[in-house]
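# Observations on the three-dimensional arrangement
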Amino acid sequence: MNNITPPFLWHTVHQQDPDPVETAEWREALESLLQASGSQRVHDIMDMLTELARQPHIGWQPPRGTPYLNSIAVEQQPAFPGDLAIEERLASIMRWNALAMVVRANAAYGELGGHIASYASAADLFEVGFNHFFRAAYPNGGDDLVFFQPHSAPGVYARAFLEGRLSEEQLGYYRQELSAQQNGTQGLSSYPHPWLMPDFWQFPTGSMGLGPISSIYQARFMRYLSHRQLLDTRGRKVWGVFGDGEMDEPESMSALTLAAREQLDNLIWVVNCNLQRLDGPVRGNGRIIDELETLFTGAGWRVIKLVWGSDWDGLLARDHAGALTRAFAHTVDGQLQTFAAKDGRYNREHFFGQNPELAALAQGLTDEQIDRLKRGGHDLVKIHAAYHAAMQTEGCPTVILAHTKKGYGMGEAGQGRMTTHQQKKLERDDLIAYRNRFNLPLTDEQAASLTLVRPAADSPEMQYLHARRRELGGALPARRTQADVIAVPPLAQYGQFALQAGGKEMSTTMAFVRMLSSLLKERPLGQRIVPIVADEARTFGMANLFKQIGIYSSAGQQYEPEDIGSVLSYREALDGQILEEGISEAGAISSWTAAATSYSVHGLAMLPFYIYYSMFGFQRIGDLIWAAADQRARGFLLGATSGRTTLGGEGLQHQDGSSVMQAAAIPNCKVYDPCFAGELAVILDHGMRQMMEHQQDVFYYLTVMNESYAQPDLPEDAVPGVLKGMYRFAHLTVPEARGKVRLLGSGAILREVIAAASLLQQEWQVEVEVWSVTSFAELSREAQELERWNRLHPQDEARVAHVSQCLQGDAPVIAATDYVRAWPMLVASYLRAPYTVLGTDGFGRSDTRLELRQFFEVDRHQIVLAALHSLRQQGYCDAVLCQQAINRYGITSEREAPWHR
């Protein structure tokens, strides 16, 4: 064991006290004050002394951490309100059924995986919550939000089975969702996945670290709804049950100070500190509970340490010399894991045998009693006391650090062992030993055959189980699928300026902000809109919204802003509507997800618009966006300053050439890259109706640009094509054309395509069709659907995709975009004509738009050359003509390709 010295044990290790008599007098004075005036007076005096000692001329800092003991003293524990014996039996049954489910699946199909050990350690933490704290309904409506540790999903299924929400047949299809459907039933997903189990799971937590940050922003969003008087969320709590290893994820830690700053006392985390991650100890040479205590305390959270069970209370009471406290302080987690894996005899020899004082404390205890000494996270009474204290906390969030054993009860088959996370199969003797450990009503053969345990409906256990949930409002987890329908105003009311732009110059970002400003004034939709930015509102021209709707602040505005006299002054307000998240894309997308799932979480449909530098979206926080998709989010993501060449001087890490491809990989994300304000208006209108009126579980990724240019009118007959993904923008004819080409463009490069079309018509006598492609993704998805339908219906008349109808014949097609070539290549297999793609593969550069488009070879001259080259391949012109174009436009033929530079 390592000899580590926690600062709170100073008096035990610093033996050279220069004045022990004076030290003893101070200690006696403090103890006398405690006896005479109580703990609060001690707090007051210590606060005063601390303030004095922190003066610069003294420079004292308080020690970090507290002894490795429970934060809730025995005398502070409330009486346990339930039937302890019944709850322990129920928890044992849950553990067994969860184990049986996983082992059954892997006995049949060894490849399915699953986890036993995590839930075995967390079962009691869950059960106390389910029996006493996790509310499914409040008098004012709504419920508690519970984020479940993903590896413990089998335990949640096991409880739902006892409650009658899941059948034994469904448990038999754990991690076999497709097989279950083929047999007419619902399979059980590996982890909490709302997309796959939309009536059951609320929050996807399978990607570790996302649950913690999401829970913080859900708790904050509940306050936002309440402060804006949209929903009464008083009394409701957000619970998160997470693993100690999960706390290493940056997302787990990144918003702790926000939770404290916002005083989110509606947030309670339970960190299951079984000291072990997937491959070994979380902190083998230290103590993760001490480390987390320091982190959370420093971030402003209340920390409740739940370390030792009730069996230790008697030992600690007899330990007048502090031998146990010293032993705990000097025992690192790697050794505690070893103690968990070994039996009572080993623990007697190696823990209690460290010195005579410890050995004396263990006298009278059998080896079996030592083996059964519980850690705090396995003691229902201690857990209840910790949860109760957390519920009473005001003014800050709470974290409960619960000490458990990974694989609790699995004995030699897995308790506390390095391999326990991967344990998915148990031998006959191990199963019988597990049965014995938890006193389950199973014969040897039933245990060996993994028979599920379900007491009779009229048994005390089942009656108790249902009574507890009735009192707490019903079953959890459970997810709503519908919310109130919110009408969207006619497009002409807020977007007519975009549809009939008349050549007025503006950027699509400005067009969006203008439409948003109008929508915010519409009722009832305006109240449900949630504008979100990550400290870039002024960049995107949204400063006018500061005064119009305010920036949400739980503290209001307690200062006079520097620009108070300005028309665009900075205004924070308790009922502010904008969520300005600072420089935190992870925070902003977590707020977006909270708003985008409000229809299911709160039964209140909200419509979030999160606008950000497009490069800092899917590339940076794609995992959080994927989780939002799993949670069936509804809302808009707007990738601003989008495209590789539209952002001028910003350079490599800002210039986005791939976000549309990453977005297109998400099944329920609709991706559009419009060039003109009218196109954007039509897409916004359609998306809002899909989500707010038709309640479709989709969300939209729209690119918007900061480049101002003349905006044309949008013909009414173009609207269907805009939504399907493409429409013919122009047709330029020539009396005696040498050939015909079709030019496709989107977003920032469509204007280069239009310019190239004019050059082809005027300088090279080529007939040109110009097509505005608003979404290669939507075109590809429809084509895939019809291709599949045709393949499965060979005797029916073939169906033709929109992209194939638009681009019939063999006229060459040239597509140019501000993104990688893979984006327009999404439709390549659905075209019969020769297809040439120009894109911006490679790293970005700092320069002007003109130089960037020339560098990436997506400017008008390169488009003309590509068109002429395609016509040459079809025999409509010769190589000399192509060389003439190269010479005329100053194209350097020997230059290295941009993706190599």
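Figured I'd write up the structure that's included with this text. Just so we're clear, the structure is a prediction, and the values are computed from it rather than from any experiment.

### Focus on a nonpolar patch on the surface
Residues Trp-26, Leu-30, Met-46, Met-48 and Leu-49 make up a contiguous nonpolar surface patch of about 480 Å² in total accessible area. Of all elements in the fold, only helix 2 (20-37) and helix 3 (39-53) reach the threshold of two or more residues within the nonpolar patch. The dominant element in the nonpolar patch, judged by the number of residues it contributes, is helix 3, at three residues. As for its placement among the helices and strands, Trp-26 is situated in helix 2.

### Regarding unusual backbone geometry
Pro-477 follows Leu-476 through a cis peptide bond whose omega is -5 degrees. Relative to the elements of secondary structure, Pro-477 occurs in the loop between helix 22 (460-471) and helix 23 (491-499). Between Arg-523 and Pro-524 the backbone carries a cis peptide bond, its omega angle lying at 10 degrees. Mapped onto the elements of the fold, Pro-524 is located in the loop between helix 24 (508-519) and helix 25 (525-528). Residue Glu-857 is not a glycine yet carries a positive backbone phi of 60 degrees. The residue Glu-857 is located in the loop between helix 36 (849-855) and helix 37 (860-873) in this model.

### Quick word on the sheet that holds strand 4 (residues 302-306)
By way of backbone hydrogen bonds, the strands of a sheet pair with one another, either parallel or antiparallel. Ordered in space as 1-2-3-5-4, the five strands form an open sheet in which the pairing is parallel. Two strands close off the open sheet at either side, each with one partner strand: strand 1 (145-147) and strand 4. Strand-to-strand twist across the sheet, computed as the mean angle between neighbouring axes with direction ignored, equals 15 degrees. The pairing of strand 3 (residues 267-273) with strand 5 (residues 398-403) spans six bridges and is parallel.

### Considerations on the packing of aromatic side chains
When we look at a pair of aromatic rings, we describe it by the centre distance and by the angle of the planes. Tallied over the entire structure, the rule returns 48 aromatic pairs. Residues Trp-239 and Tyr-387 carry aromatic rings whose centres are separated by 5.2 Å and whose planes lie at 55 degrees to one another, so their mutual orientation is tilted. One end of the pair, Trp-239, is in strand 2 (residues 238-243); the other, Tyr-387, is in helix 19 (residues 380-392), with 148 residues separating them in the sequence. Seen from their ring centres, Phe-512 and Phe-609 are 5.7 Å apart, and the 45 degrees between their planes marks the pair as tilted. Of this pair, Phe-512 sits in helix 24 while Phe-609 sits in strand 11 (residues 607-613), and the two are 97 residues apart along the sequence.

### A closer look at the sheet that holds strand 18 (residues 766-773)
In spatial order, the strands read 16-18-17-19-20; together these five strands make up an open sheet with mixed pairing. With partners counted over all chains shown, the strands left at the sheet margins are strand 16 (726-732) and strand 20 (835-838), one partner each. Across the sheet, the mean angle separating the axes of adjacent strands is 20 degrees when strand polarity is ignored. Bridging between strand 19 (residues 813-816) and strand 20 involves four bridges; their strand directions are parallel.

### Things to note about the nonpolar core
If you look at the biggest cluster of nonpolar residues, it comprises 112 residues, and the most contacted ones within it are Ile-216 and Trp-301. Examining the composition of this core, we find that nine residues originate from one element, helix 9 (residues 210-227), more than from any other. Leave out the neighbours within four places in its chain, and Ile-216 touches Ala-255, Leu-256, Leu-258, Ala-259, Leu-264, Leu-267, Trp-269 and Trp-301.

### A look at the environment of Arg-64
Along the chain, the position of Arg-64 falls in the loop between helix 3 and helix 4 (84-108). Under the relative-accessibility criterion, Arg-64 is labelled exposed at 61%. For the pair formed by Arg-64 and Pro-477, sequence separation is 413 residues and the distance between their alpha carbons is 38 Å.

### Quick look at the packing of helix 4 against helix 6 (residues 153-162)
Where helix 4 contacts helix 6, the axes come no closer than 8 Å and their chain directions differ by 115 degrees. With respect to their mutual orientation, helix 4 and helix 6 come out roughly perpendicular. As for how helix 4 packs across helix 6, the hand of that crossing is right-handed. For the pair helix 4 and helix 6, the contacting residues are Leu-90, Ile-93, Met-94, Asn-97, Ala-98, Met-101 and Val-102 in the first and Pro-154, Gly-155, Tyr-157, Ala-158, Arg-159, Phe-161 and Leu-162 in the second. Tallied by class, residues from the contact of helix 4 with helix 6 come to 11 nonpolar, two polar and one charged.

Rules used throughout
Residues numbered from 1 in each chain as written. Predicted model: local features only at pLDDT ≥ 70, side-chain atom pairs only at ≥ 80, totals over all residues. Heavy atoms only, no water. Patch = residues over 30% accessible without salt bridge, like charges linked within 9 Å, V, L, I, M, F, W, Y side chains within 5 Å. Areas by Shrake-Rupley, 256 points an atom, 1.4 Å probe, with all protein chains shown as cover. Salt bridge = Lys/Arg side-chain N within 4 Å of Asp/Glu carboxyl O. Helix = DSSP H or I, 4+ residues; strand = E, 2+ residues; numbered from the N terminus. Pairing = 2+ DSSP bridges. Axes fitted to C-alpha atoms, helices over the stretch in contact; angles between N-to-C directions. Phe/Tyr/Trp six-rings, centres within 6.5 Å; stacked < 30°, edge-to-face > 60°. Core = buried A, V, L, I, M, F, W, Y, C linked by side-chain atoms within 4.5 Å. Buried < 20%, exposed > 50% of the residue type's maximum accessible area, 1.4 Å probe, protein only. Contact = heavy atoms within 4.5 Å. Parallel < 35°, antiparallel > 145°, perpendicular 65-115°, else oblique. Left-handed = near helix turned anticlockwise from the far one by under 90°. Nonpolar A, V, L, I, M, F, W, Y, C, P; charged D, E, K, R; others polar.

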